[in-house]
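# Fold and geometry: a report
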Amino acid sequence: MAAVQQTVDTVKTLDVDAYKYGFTTEIESEKAPKGLNEEIVRFISARKKEPEWLTQWRLDAFKRWRTMEEPRWARVDYPKIDYQDLYYYSAPKGTEGPRTLADVDPELLRTYEKLGIPLSEQEILAGVQERRVAVDAVFDSVSVVTTFKEELGKAGVIFCPISEAVQSHPELVRKYLGSVVPVTDNYFATLNSAVFSDGSFVYVPPGVRCPMELSTYFRINEQNTGQFERTLIIADAGSYVSYLEGCTAPKRDENQLHAAVVELVALDDAEIKYSTVQNWYPGDSEGRGGIYNFVTKRGDCRGARSKISWTQVETGSAITWKYPSCILRGESSRGEFYSIAISNGRQQVDSGTKMLHLGKNTSSRIISKGISAGRSQNTYRGQVFAHRKAENARNFTNCDSLLIGDQCGAHTVPYIEAKNSSALFEHEATTSKISDDQLFYCMQRGLEPEEATALIVNGFVRDVLQQLPMEFAVEAQKLIAISLEGSVG
Amino acid sequence: MIEIENLHVAVAGKKILDGLTLKVEDGQVAAIMGPNGSGKSTLSYVVAGRADYEVLDGSIRLDGVDILEKSPAERAAMGLFLVFQYPLEIPGVATMTFLKAALNAQRKARGEAELPTIEFMKQVRAAAAKLNISQDMLKRPVNVGFSGGEKKRMEILQMALLEPRFSILDEMDSGLDIDALKTCAEGVNALRGDGRSFLVITHYQRLLNFIPPDVVHVMSRGKIVKSGGPELALALEASGYAEYAEGAAA
């Protein structure tokens, strides 16, 4: 078909797509020596002035990691990573100690400005920026600034870099760190436990509805540097918090490793809404460069009637290996997973979720929309499990794939296991293609091919976009259009 | 005015249009009738610019401008509109959103400003009311779950909104009951005048009772074989296509 042929031709000539965030910030940084050994682990821990128990925790993780093997079961293909050829710690100079906006290097502020992330509280308060969002900005291995801390403090909400929380709230960190994703969980999580550098910490006290959206923007800048952030969010009984993370990185020819761990804990009647707009550098059309995004995200609905909802818009990264999951431990707890995963060029995505029903009357819902274009491969991998004690467990899964062009692949790998006969699991899946007829219909009405594709794709992902906080839904919609540029003739 | 001259078109190596010449004057309603396989639908697709059709020779000019090198969207912005025989479904895209995207894309291509949302809504509501299209239908995804009649009324709604200079109606009557056919025909007739012209493609005389043509062309084996007034359609209804269809491609 001619239109498809055009697609193929365009994809062949596709130049480093339209990645807007590929610039580099020239800033002096302080790095640990290359490579990974006990000394490096101790170096990172010392840099953060961590207590002995945490240093030991890291060292135990490192020991364990050395006995583990990199997982190979995902449908992704990449050359062996030389873990000794990476920097595990890199910080912009002069970022130690408690920070306020006034202390932040103007070059860093400009970086975040270019990324469209509001860091200046005054501007936000003065109404220059319309959305009121508290931001924790993580640059390579450290958090450079956290906004609205005071105002959040009045509500009793703790929102700060995790390295700061280790100092200011050690009892909370010690109680919850590794309680959802154990140190021994998997190769990348264990590596993260040994070398994690920074990330966000959130604690919402009982009965408090967090007064604003919280968000963290992660930026990898340094070359040959891995980013290993650790996020820990605890919603105490009856509380509510909505949290969003965004990610970007400069264009570089070599691959960079990002191995994060996110742990969520929801106690009785608490609700956590966690949204991700992941736009790491995806590599060029030939698959050179790009981020390896190997991330472990898990939420524990520990309390009765608690709820955790994951929403993700995944457009970046050369390789994505990511399964935000829910452990539905509390009675009548609920887990949700809404996902849009777009792959173009030579990107490889293996993503999905796990819903582990342990408690009675637990329910979960999975809506996954995968879009593959170019020569990419896009896999949904999901597990729905009911423990034998999980009376009346309920799951609904809807898993749709859309193909653009004829050189990409979509794969669906659901694992469903119910050990309790009262469990009711539903699974729906479709695979479709944007047809030449649909495109022609839109074009006959006046839309150019790229507008037509964006319109059709936005229709396809609508159910999920609706789950995003309003202001981010618009951004995500634009991002989808940009990610698909060059995918049609 | 559309002028098609000596048009030769092949699909997948097979010749479908074989030196077709046709002219539709401003303000004229021309009907094309012909047996299955005579190339009627191919003609509408080629004029609208669908890919996969290989133009071997000839020209198509819209208001004096050769459109063969233009994209389908450019042709649309120039005022070309095709009523699809089988309108496509676009899941998840509200009809209202689609209408607005189409209208603004055309306006942008013509260097006009976007229509303010309030004005747009007003125009859509007015046009929808005439075609018995409910507000609820406008909120539903484009053509998804619509009956055959609803889909065709939605096509006419788009036509009313986009106000094309030249419209092709590709077997608009297929799949329509008599009431829906009347509603659609009224919608088309309301747009007649102001120099707008129409090419009505059909098998049956019945449609032409509701949309009376100024001229009737008979198409067979990829070209126009006879032209005349409305009486030609009546004659065809009585005698069939046998005298034209001989040796026609299936």
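The present account deals with the structure reproduced in this document. Treat the numbers as computed from the prediction; the structure is a model and nothing was measured. (Residues numbered from 1 in each chain as written. Chains lettered and ligands numbered in written order. Predicted model: local features only at pLDDT ≥ 70, side-chain atom pairs only at ≥ 80, totals over all residues. Heavy atoms only, no water.)

What follows is about the sheet that holds strand E11 (residues 215-220) of chain B. Residue and element names in this part refer to chain B. Spatially, 6 strands are ordered E6-E9-E10-E3-E11-E12 in an open sheet, and the strand pairing comes out mixed. Two strands bound the open sheet, and with one partner strand each, they are strand E6 (80-83) and strand E12 (223-228). Strand after strand, the sheet turns through a mean of 20° between neighbouring axes, direction not considered. Bridge count for E11 against E12 is 5 bridges, and the pairing is antiparallel. If you follow methionine 219 over to E12, its bridge partner there is isoleucine 224. Contacts from helix H6 (residues 148-162) reach E6, strand E9 (166-170) and strand E10 (197-202), with the element oriented near 170° to E6. (Pairing = 2+ DSSP bridges. Helix = DSSP H or I, 4+ residues; strand = E, 2+ residues; numbered from the N terminus. Axes fitted to C-alpha atoms, helices over the stretch in contact; angles between N-to-C directions. Contact = heavy atoms within 4.5 Å.)

What follows covers the layout of surface pockets. When its volume is computed, the largest pocket comes out at roughly 760 Å³. Lining the largest pocket are 24 residues; nearest its centre among them are Leu455, Asn458 and Gln477 of chain A together with Thr97 and Ala101 of chain B. Of all elements in the fold, only helix H11 (449-460), helix H12 (462-465) and helix H13 (470-483) of chain A together with strand E7 (90-94) and helix H3 (95-109) of chain B reach the threshold of two or more residues within the lining of the largest pocket. Here the lining of the largest pocket is composed, by residue class, of 12 nonpolar, 7 polar and 5 charged. (1 Å grid on protein atoms, 1.4 Å probe; cavity = no way out; pocket = protein on both sides within 12 Å on 5 of 7 lines; lining within 4 Å. Points joined across faces, edges and corners; volume = space filled by probe spheres on them. Nonpolar A, V, L, I, M, F, W, Y, C, P; charged D, E, K, R; others polar.)

Moving on to the environment of alanine 429 of chain A. All names here are of chain A. Mapped onto the secondary structure, alanine 429 falls in strand E23 (residues 424-433). Here alanine 429 falls in the partly exposed class, since its relative accessible area comes to 47%. Remark: the alpha-carbon pair of alanine 429 and serine 332, spanning 97 residues in sequence, is separated by 26 Å. (Buried < 20%, exposed > 50% of the residue type's maximum accessible area, 1.4 Å probe, protein only.)

Bringing helix H7 (residues 178-191) of chain B into the picture now. All names here are of chain B. Helix length check: H7 (14 residues) gives 20 Å between terminal C-alpha atoms against 20 Å at 1.5 Å per residue, within 8%. The secondary structure elements touched by the buried residues of H7 are helix H4 (117-130), H6, E9, E10 and helix H8 (205-210). Capping the start of H7 is the job of one residue whose side-chain oxygen sits 3.1 Å from the backbone nitrogen of aspartate 179: aspartate 177. In the stretch just after H7, glycine 193 is the one whose phi turns positive, near 95°. (Expected span 1.5 Å × (residues − 1). Polar contact = N/O pair within 3.5 Å; in protein donor to acceptor, adjacent residues only side chain to side chain.)

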